[in-house]
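Chain residues, written in single-letter form:
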Amino acid sequence: CKYAKICLAVQQVAPAKYDQFDRWLFRNHKTTKPLAEVKQYAANLIGAAALHNASGGTAVAQQLQQNIRVYELNTKNGGNSSMPQTIMKDRVMFGPPPSDAAFQSILKQTLGLK
């Protein structure tokens, strides 16, 4: 939840910078970055005060609780607790996609894209 709070704070404070943060954070799914390093990167990206205020705020706390509930429901109903859980319409993809091509195929099929 500490990592999630930082992610939610970045999204809340600077939505335009979230993609950069997300790509950096999840560059290697098999290695977890140390929490201090994640906080520092986020602070450099959006400002230490903004990160502190947002991560301790009610909006982030409420969103975190909602996300936890969605995770619990997906895990219960899908029989899988792998992360990330990507929700597309009425489908949940558990874990990282096997490849970019596979993910594009899933998106096209699920969302009816060409």
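You'll find the structure just up there.
What you see is a predicted model, and the numbers here were worked out from it, not measured in a lab. (Residues numbered from 1 in each chain as written. Predicted model: local features only at pLDDT ≥ 70, side-chain atom pairs only at ≥ 80, totals over all residues. Heavy atoms only, no water.)

**Student:** Sorry if this is basic, but what is going on with the pattern of salt bridges here?
**Tutor:** In a structure, side chains of opposite charge can pair up when their charged atoms sit close to one another. The tally for this structure, following the rule as stated, stands at 2 salt bridges. For R23, the salt bridge is made with D19, and the minimal N-O distance between the two is 3.0 Å. In this pair, R23 and D19 both sit in helix 2 (residues 15-25), 4 residues apart, roughly one turn of the helix. Among the residues examined, D19 registers a relative accessible area of 42% and is labelled partly exposed. (Salt bridge = Lys/Arg side-chain N within 4 Å of Asp/Glu carboxyl O. Helix = DSSP H or I, 4+ residues; strand = E, 2+ residues; numbered from the N terminus. Buried < 20%, exposed > 50% of the residue type's maximum accessible area, 1.4 Å probe, protein only.)

**Student:** Help me out: how do you make sense of the pairing of strand 2 (residues 91-94) in this one?
**Tutor:** Regular strands place their side chains on alternate faces of the sheet. As defined by bridge partners, strand 1 (residues 85-88) adjoins strand 2 across 4 bridges and the pair is classed as antiparallel. When the bridges of strand 2 are listed, T86 appears paired with M93. The loop that links strand 1 with its antiparallel partner strand 2 comprises 2 residues; one of these, K89, has a positive phi angle of about 55 degrees. (Pairing = 2+ DSSP bridges.)

**Student:** What exactly am I supposed to notice about the layout of surface pockets here?
**Tutor:** If a probe as big as a water molecule is rolled over the atoms, it shows which places are left empty. Considering only enclosed or pocket space, the largest pocket measures out at about 1,400 Å³ in volume. If you go around the largest pocket, you meet 32 residues; those closest to its centre are D22, F26, M83, P84 and Q85. For the lining of the largest pocket, the secondary structure elements donating two or more residues are helix 1 (2-13), helix 2, helix 5 (58-78) and strand 1. The dominant element in the lining of the largest pocket, judged by the number of residues it contributes, is helix 5, at 8 residues. Taken together, the residues that form the lining of the largest pocket break down as 19 nonpolar, 11 polar and 2 charged. (1 Å grid on protein atoms, 1.4 Å probe; cavity = no way out; pocket = protein on both sides within 12 Å on 5 of 7 lines; lining within 4 Å. Points joined across faces, edges and corners; volume = space filled by probe spheres on them. Nonpolar A, V, L, I, M, F, W, Y, C, P; charged D, E, K, R; others polar.)

**Student:** Could you clarify how one ought to interpret unusual backbone geometry in this entry?
**Tutor:** Negative phi values dominate among residues other than glycine, just as trans dominates among peptide bonds. Looking along the chain, the bond that leaves M83 and enters P84 is cis, with omega of -5 degrees. Along the chain, P84 turns up in the loop between helix 5 and strand 1.

**Student:** Help me understand the packing of helix 2 against helix 3 (residues 35-46), please; the structure alone is not making it clear to me.
**Tutor:** When two helices pack together, their arrangement is given by the angle between the helix axes and the distance between those axes. Their axes nearest at 11 Å, the elements helix 2 and helix 3 cross at an angle of 155 degrees. The angle between helix 2 and helix 3 places the two elements in the roughly antiparallel class. Two packed elements cross with a definite hand, and for helix 2 against helix 3 that hand is right-handed. When helix 2 is examined against helix 3, the residues K17, Q20, F21, W24 and L25 are found in contact with a partner set consisting of E37, V38, Y41, A42 and L45. In terms of residue class, the contact of helix 2 with helix 3 is built from 7 nonpolar, 1 polar and 2 charged. (Axes fitted to C-alpha atoms, helices over the stretch in contact; angles between N-to-C directions. Parallel < 35°, antiparallel > 145°, perpendicular 65-115°, else oblique. Left-handed = near helix turned anticlockwise from the far one by under 90°. Contact = heavy atoms within 4.5 Å.)

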